Amino acid sequence: MSPSPAEELRAFLHSALRLLVLIALAGLVAAVFPQYAHHLLLIVGASLVVVGLGPLLAYQQLRHWRQVQGVLCRMEECETREQPGRHALRYFYPEIEYEYEIDGKRHRGTRVALERQGIWVREVDHWGSPTPAAERWWLKLQAGDTLQVYVDPDDVRSALIVTKPNRDRRAQHVATLVAGVLFILIWGAFLALGLTPLITTP
């Protein structure tokens, strides 16, 4: 079954809370043991690597999922808005219900992708131009169409139909990973050059 928006929000908040707790603990360590304050770079860097690399590895695992033919039962286009700045951004995404058969037993799925944001399509691109309708690939689908369904080999009730994130979502994960690696490299440079006293002196 597809996770509901509320479940996805709870999962996001849980991940964000864990990261905040980790950073808070690092800050506490820095306050109590200032001689180790430079290791905050390592802690933050490692946290960003985990946050960025985790989803990328999860997408790689989808290559091992079993591929079967499914049938589209229902498709509905939905939209959501996010407001990172002054102006709310409008995104489109599909809600799809499909059936597939494994070992003679039929199953019904509603999960489209690993992450809901991984299939969002912006109303306008980064330059403010309308996004081509062709990007919303689901508009061509009709009930009864054949779909390629990817099924979890460890749980045949878990399936999806999109195994790759969109460009924006992938870029977010890669940027987070790269930022983490840079933090770790800076931490290593401080150690190698003996500059740690400059950032640990109260």
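Scroll up for the structure.
Keep in mind that this is a model prediction, so the values were computed, not measured.

Chemist: I'd like to hear about the overall build of the protein, residue by residue, with values.
Modeler: A tally of helices and strands in the protein yields four helices and six strands. The buried share of the protein, taken over its 202 residues, is 32%. When the accessible area of the protein is evaluated, it comes to approximately 12,900 Å², of which 61% is carbon and sulfur surface.

Chemist: Give a description of a nonpolar patch on the surface that names residues and reports values.
Modeler: On the surface, Val174, Val178, Val181, Leu182 and Leu185 cluster together to form a nonpolar patch covering roughly 400 Å² of accessible area. Along the chain, leucine 182 falls in helix α3 (residues 167-193). Overall, leucine 182 belongs to the partly exposed group, its relative accessible area being 47%.

Chemist: Describe the side chain of aspartate 152, listing the residues and the values that go with them.
Modeler: Of note, aspartate 152 is situated in strand β5 (residues 146-152). As a buried residue without a salt bridge, aspartate 152 has its nearest oppositely charged side chain in arginine 111, at a separation of 7.0 Å. If sequence neighbours within four positions are ignored, aspartate 152 has contacts with Trp65 and Ser158.

Chemist: Report on the pattern of salt bridges, specifying residues and quantitative values.
Modeler: Following the criterion strictly, the structure yields 13 salt bridges and no others. Salt bridges sharing common partners tie together Arg74, Glu76, Glu97, Glu99, Glu101, Arg106 and Arg108.

Chemist: Could you give me a rundown of the environment of arginine 81, with the residues and numbers involved?
Modeler: The residue arginine 81 is located in strand β1 (residues 66-82) in this model. Distance from arginine 81 to arginine 122, taken between C-alpha atoms, is 9.6 Å for residues 41 residues apart in sequence.

Chemist: Tell me about the nonpolar core, residues and numbers included.
Modeler: The nonpolar side chains of a soluble globular protein tend to be buried with one another. By size, the foremost hydrophobic cluster in this structure holds 23 residues, and its most contacted members are Ile96, Tyr98, Tyr100, Leu147, Val149, Val151 and Ile161. The set of elements that each furnish at least two residues to this core consists of β1, β2 (89-102) and β5. Leaving out residues up to four positions away in the same chain, leucine 147 has contacts with Val68, Gln69, Gly70, Leu72, Ile96, Tyr98, Leu141 and Ile161. Membership of the second largest hydrophobic core comes to five residues, among which are Tyr59, Trp65, Tyr150 and Leu160.

Chemist: An account of the pairing of β2 is requested, with residue identities and associated values reported.
Modeler: Across twelve bridges, β1 lies against β2 in antiparallel orientation. The residue of β2 that forms the bridge with arginine 74 is glutamate 97. Note that β2 and strand β4 (residues 121-122) share two bridges and pair antiparallel. Note on β4: the bridge partner recorded for tyrosine 91 is arginine 122. Judged from the five bridges that link them, β2 and strand β3 (residues 105-109) form a sheet pairing that is antiparallel. Across the sheet, the residue bridging to isoleucine 102 is lysine 105, located in β3. The loop that links β2 with its antiparallel partner β3 comprises two residues; one of these, aspartate 103, has a positive phi angle of about 50°.

Chemist: Go over the packing of aromatic side chains with me, naming the residues and quoting the values.
Modeler: According to the stated counting rule, one finds three aromatic pairs in the structure shown. Geometrically, the ring pair formed by tyrosine 91 and tryptophan 120 is tilted, given 5.0 Å between the ring centres and 35° between the ring planes. Here tyrosine 91 is found in strand β2, whereas its partner tryptophan 120 is found in the loop between β3 and β4, with 29 residues between them in sequence. Across this residue pair, the class does not change: tyrosine 91 and tryptophan 120 are buried.

Chemist: Give me the side chain of glutamate 97: which residues, what numbers.
Modeler: Residue position: glutamate 97 is located in strand β2. Judged by its relative accessible area of 18%, glutamate 97 falls in the buried class. Beyond its immediate chain neighbours, meaning those up to four positions away, glutamate 97 contacts Val71, Leu72, Cys73, Arg74, Arg108, Gly109 and Thr110.

Parameters and conventions
- Residues numbered from 1 in each chain as written.
- Predicted model: local features only at pLDDT ≥ 70, side-chain atom pairs only at ≥ 80, totals over all residues.
- Heavy atoms only, no water.
- Helix = DSSP H or I, 4+ residues; strand = E, 2+ residues; numbered from the N terminus.
- Buried < 20%, exposed > 50% of the residue type's maximum accessible area, 1.4 Å probe, protein only.
- Areas by Shrake-Rupley, 256 points an atom, 1.4 Å probe, with all protein chains shown as cover.
- Patch = residues over 30% accessible without salt bridge, like charges linked within 9 Å, V, L, I, M, F, W, Y side chains within 5 Å.
- Salt bridge = Lys/Arg side-chain N within 4 Å of Asp/Glu carboxyl O.
- Lys, Arg positive; Asp, Glu negative; His and termini not counted.
- Contact = heavy atoms within 4.5 Å.
- Core = buried A, V, L, I, M, F, W, Y, C linked by side-chain atoms within 4.5 Å.
- Pairing = 2+ DSSP bridges.
- Phe/Tyr/Trp six-rings, centres within 6.5 Å; stacked < 30°, edge-to-face > 60°.

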